[in-house]
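Remarks on the overall topology
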Amino acid sequence: EPEVTQTPSHQVTQMGQEVILRCVPISNHLYFYWYRQILGQKVEFLVSFYNNEISEKSEIFDDQFSVERPDGSNFTLKIRSTKLEDSAMYFCASSDPPQGYGDGGYTFGSGTRLTVV
Amino acid sequence: LAKTTQPISMDSYEGQEVNITCSHNNIATNDYITWYQQFPSQGPRFIIQGYKTKVTNEVASLFIPADRKSSTLSLPRVSLSDTAVYYCLVGPTGYSTLTFGKGTMLLVSP
């Protein structure tokens, strides 16, 4: 079964540092997403990406965040100047065609646990 | 999006059938019902989706009554590895970002 791969699985960073979280979506998928889950809380949407541009973003996804598809296989989430409250699991997902609630669902990766100290 | 309500937690034993009910009273005509499963420290995993009546796959069954104001995820003969959080999501087909609630924490004991 095709997988969405995320690296690293765990990253610890100092407050104020920049981090880049990496994802390799399923190879024939064209729609990519980032979600996050703070410990003990809900899974929250951050951003969706298609055709090299952001399709939709939540209010969480402020200027501190950016996404990029630097090549044909990777999809990255950059967090500039990390804060303590950025500590969370970050999940990448992909789909094709664009998925909602009735088309078979997204495929999520296993996540990157980001700890800001 | 339709608001969903599901139990916070459920307990079961290995080999039993588990039914998790989700209510979504204000479901819209073009809304689908989708269930995801999440193990600790892993991303959500799509289980099943449906629009009306009954849907069955190799993992679960989804029962949706005619009024579609609720749905029931049925897991046959659960095992310890079915211990997870189960999310009921309701929303339109076509492109849409997913909105997760708190889900139902299912604990399966020996």
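Here the structure is shown first, and the text comes after it.
Here's a quick rundown of the structure. What you see as residue numbers is a count from 1 along each chain, following the sequence as written. Working convention: letters from A go to chains and numbers from 1 go to ligands, in the order in which they are written. Under the rules for a predicted model, residues below a pLDDT of 70 receive no local features and side-chain atom pairs below 80 are neither given nor counted, while totals for whole chains, interfaces and linings still include all residues. Only hydrogens and water are set aside when side-chain values are computed; all heavy atoms of the structure are taken into account.

**Considering the interface of chain B and chain A**
So the rule is basically this: Residue contacts follow a heavy-atom distance rule, with two residues in contact if any of their heavy atoms lie within 4.5 Å. When two parts are put together, the accessible area they lose, computed with a 1.4 Å probe and summed over both, is reported as buried area. Criterion for a salt bridge: a side-chain nitrogen of Lys or Arg within 4 Å of a carboxyl oxygen of Asp or Glu. Within 3.5 Å is the distance limit for a polar contact, defined as a pair of N or O atoms, with the added protein rule that one can donate a hydrogen and the other accept it, and that residues adjacent in sequence qualify only through two side-chain atoms. Helix and strand definitions here come from DSSP, where helices need a minimum of 4 consecutive H or I residues and strands a minimum of 2 consecutive E residues; each element is numbered from the N-terminal end. When residues are sorted by character, Ala, Val, Leu, Ile, Met, Phe, Trp, Tyr, Cys and Pro go into the nonpolar class, Asp, Glu, Lys and Arg into the charged class, and all the rest, Gly among them, into the polar class.
Tallying the contact residues gives 26 residues for chain B and 24 residues for chain A. Both sides of the chain B and chain A interface together cover about 2000 Å² of buried area, and 54% of this is carbon and sulfur. The tally of links between chain B and chain A comes to zero salt bridges. Counting across the chain B and chain A interface gives five residue pairs in polar contact (both at pLDDT 80 or more). Secondary-structure elements contributing two or more residues to the side of chain B that touches chain A are strand E3 (31–38), strand E4 (45–50) and strand E8 (84–92) of chain B. Tallied by class, residues from the side of chain B that touches chain A come to twelve nonpolar, 13 polar and one charged.

**Let's talk about the packing of aromatic side chains**
Worth spelling out the cut-off: Two aromatic rings from Phe, Tyr or Trp, using only the six-membered ring of Trp, form a pair when their centres are within 6.5 Å; if the ring planes differ by under 30 degrees the pair is stacked, by over 60 it is edge-to-face, and anything between is tilted. Burial here depends on accessible area, computed with a 1.4 Å probe over protein chains only, as a share of the maximum for the residue type. Under 20% is buried, over 50% is exposed, and the range in between is partly exposed.
The full count for this structure, using the stated rule, is 17 aromatic pairs over all chains. Taking 5.7 Å as the distance between ring centres and 25° as the angle between the ring planes, the aromatic pair formed by Phe61 of chain A and Phe65 of chain A counts as stacked. In this pair, the class of Phe61 of chain A matches that of Phe65 of chain A, namely buried. When the centroid spacing of 5.2 Å and the interplanar angle of 85° are considered together, the rings of Tyr87 of chain B and Phe100 of chain B count as edge-to-face. In this pair, Tyr87 of chain B sits in strand E8 while Phe100 of chain B sits in the loop between E8 and strand E9 (104–109), placing the two residues 13 residues apart along the sequence.

**Section: the state of the cysteines**
Residue and element names in this part refer to chain B. Heads up, the rule is: In this description, the term disulfide denotes a pair of cysteine sulfurs within 2.5 Å.
Enumeration over the complete set of coordinates arrives at two disulfides over all chains. The disulfide bridge from Cys22 ends at Cys88, spanning 2.2 Å between sulfur atoms. One quick way to see it: the torsion about the S-S bond of Cys22 and Cys88 is about -80°, and its sign makes the bridge left-handed. Of the two residues, Cys22 is situated in strand E2 (residues 18–23) and Cys88 in strand E8; the sequence distance between them amounts to 66 residues.

**Notes on the sheet that holds strand E7 (residues 70–75) of chain B**
All names here are of chain B. Let me state the cut-off plainly: By this definition, two strands are paired if DSSP reports at least two bridges between them. Interaxial angle, 0 to 180 degrees, is taken between N-to-C directions of lines fitted to C-alpha atoms, where a helix line uses only the stretch in contact.
What the four strands build is an open sheet, ordered E2-E7-E6-E5; its pairing is antiparallel. Looking at which strands have only one partner, the edges of the open sheet turn out to be E2 and strand E5 (53–56). For this sheet, the mean inter-axis angle between neighbouring strands, taken without regard to orientation, is 15°.

**Digging into unusual backbone geometry**
The phi torsion of most residues other than glycine is negative, and most of the peptide bonds are trans. Backbone torsion omega between Thr7 of chain A and Pro8 of chain A reads -10°, so that peptide bond is classified as cis. Within the secondary structure layout, Pro8 of chain A lies in the loop between strand E1 (5–7) and strand E2 (10–13). Positive phi, close to 60°, is recorded for Thr53 of chain B, a residue that is not glycine. By relative accessible area, Thr53 of chain B is classed as exposed at 52%. Of note, the phi angle at Arg68 of chain B is positive, near 60°, even though the residue is not glycine. Mapped onto the elements, Arg68 of chain B comes out in the loop between strand E6 (61–64) and E7.

**Examining the side chain of Ser71 of chain B**
All names here are of chain B. Position of Ser71 among the secondary structure elements: in strand E7. At 3.0 Å, the side chain of Ser71 forms a polar contact with the side chain of His24. Setting aside residues no more than four positions away along its own chain, Ser71 makes contact with Ile20, Thr21, Cys22, His24, Ile33, Trp35, Leu62, Phe63, Ile64 and Cys88.

**Thoughts on the sheet that holds strand E7 (residues 65–68) of chain A**
All names here are of chain A. Pairing is antiparallel in the open sheet, where four strands are placed in the order E1-E3-E8-E7. The sheet is open, and its two edges are formed by E1 and E7, each paired on a single side. Here the strands of the sheet are splayed against their neighbours by 20° on average, with no regard to which way each runs. Of the strand pairs in this sheet, E7 and strand E8 (residues 75–79) are connected by four bridges, and their pairing is antiparallel. Among the inter-strand pairings, Ser66 is bridged to a residue of E8, identified as Lys78.

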